[in-house]
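Survey of secondary and tertiary structure
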Amino acid sequence: SSGSIGSWAGVGGLALAGNKVHRNSIFFRFASEGHAVEKIEFLGKEIAVGDLKQAIAEQKKLEKLDLELMNEATGEVYEKNGKMLSRNMNITVRRTPQ
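Figured I'd write up the structure that's included with this text. (Residues numbered from 1 in each chain as written. Predicted model: local features only at pLDDT ≥ 70, side-chain atom pairs only at ≥ 80, totals over all residues. Heavy atoms only, no water.)

Right, let's get into unusual backbone geometry. A positive phi angle, close to 55°, is found at Lys61, a residue other than glycine. One non-glycine residue with positive phi stands out, namely Asn88, at about 65°. You can see Asn88 is positioned in the loop between strand S6 (84-86) and strand S7 (90-95). By relative accessible area, Asn88 is classed as partly exposed at 48%. (Helix = DSSP H or I, 4+ residues; strand = E, 2+ residues; numbered from the N terminus. Buried < 20%, exposed > 50% of the residue type's maximum accessible area, 1.4 Å probe, protein only.)

What follows deals with the nonpolar core. Counting residues in hydrophobic clusters, the biggest one holds 17 residues, and the most contacted among them are Ile26, Leu52, Ile56, Leu69, Leu85, Ile91 and Val93. Only strand S1 (23-30), strand S2 (38-43), helix H1 (49-60), strand S4 (67-71) and S7 provide two or more residues apiece to this core. When residues in this core are grouped by element, the largest group, four residues, is from H1. Residues contacting Leu85, with those up to four places away along its chain left out, are Ile26, Lys45, Glu46, Ile47, Val49, Leu52, Tyr78 and Ile91. (Core = buried A, V, L, I, M, F, W, Y, C linked by side-chain atoms within 4.5 Å. Contact = heavy atoms within 4.5 Å.)

Quick look at the pairing of S4 now. Within S4, four of the five residues are buried, which leaves the element mostly enclosed by the surrounding structure. Examined bridge by bridge, S4 and S7 share five bridges and lie antiparallel to one another. Bridge pairing links Met70 to Thr92 in S7. Taken together, the two bridges between S4 and strand S5 (residues 77-78) define a ladder with antiparallel strand orientation. Opposite Met70, over in S5, you have Val77 as the bridge partner. Remark: five residues form the turn of the hairpin made by S4 and S5, two consecutive strands paired antiparallel; Gly75 in that turn has positive phi of roughly 80°. (Pairing = 2+ DSSP bridges.)

Here the focus is H1. Between its first and last C-alpha, H1 extends 16 Å over 12 residues, near the 16 Å set by a 1.5 Å rise per residue. Taken together, the buried positions of H1 are occupied by Val49, Gly50, Leu52, Lys53, Ile56 and Ala57. On an axial view of H1, the arc spanned by its buried residues comes to 160°, and they lie on one face. Of the residues trailing H1, Lys61 is marked for its positive phi of about 55°. (Expected span 1.5 Å × (residues − 1). Arc of directions from axis to C-beta.)

Here's what the structure looks like:
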């Protein structure tokens, strides 16, 4: 079958595959915990740094303000909470003293 969506051209500018909104993930590990990789799931193709910090803080029961996120591939440290991160990235998390 071709998986026809019929007259669904998209809603509110979002192209929907049927009624499904795709869940995506970003993978993270704490620098202090070696290679224990965990993931955060989110809807859409990107997540803001601030939202990712909040999700990690909630999952790990930590303070959001204590977290620093770094792109594992490039070494770039994300300092702006509004910066958008793509799905499937690998992030190293460090706790920073406040």
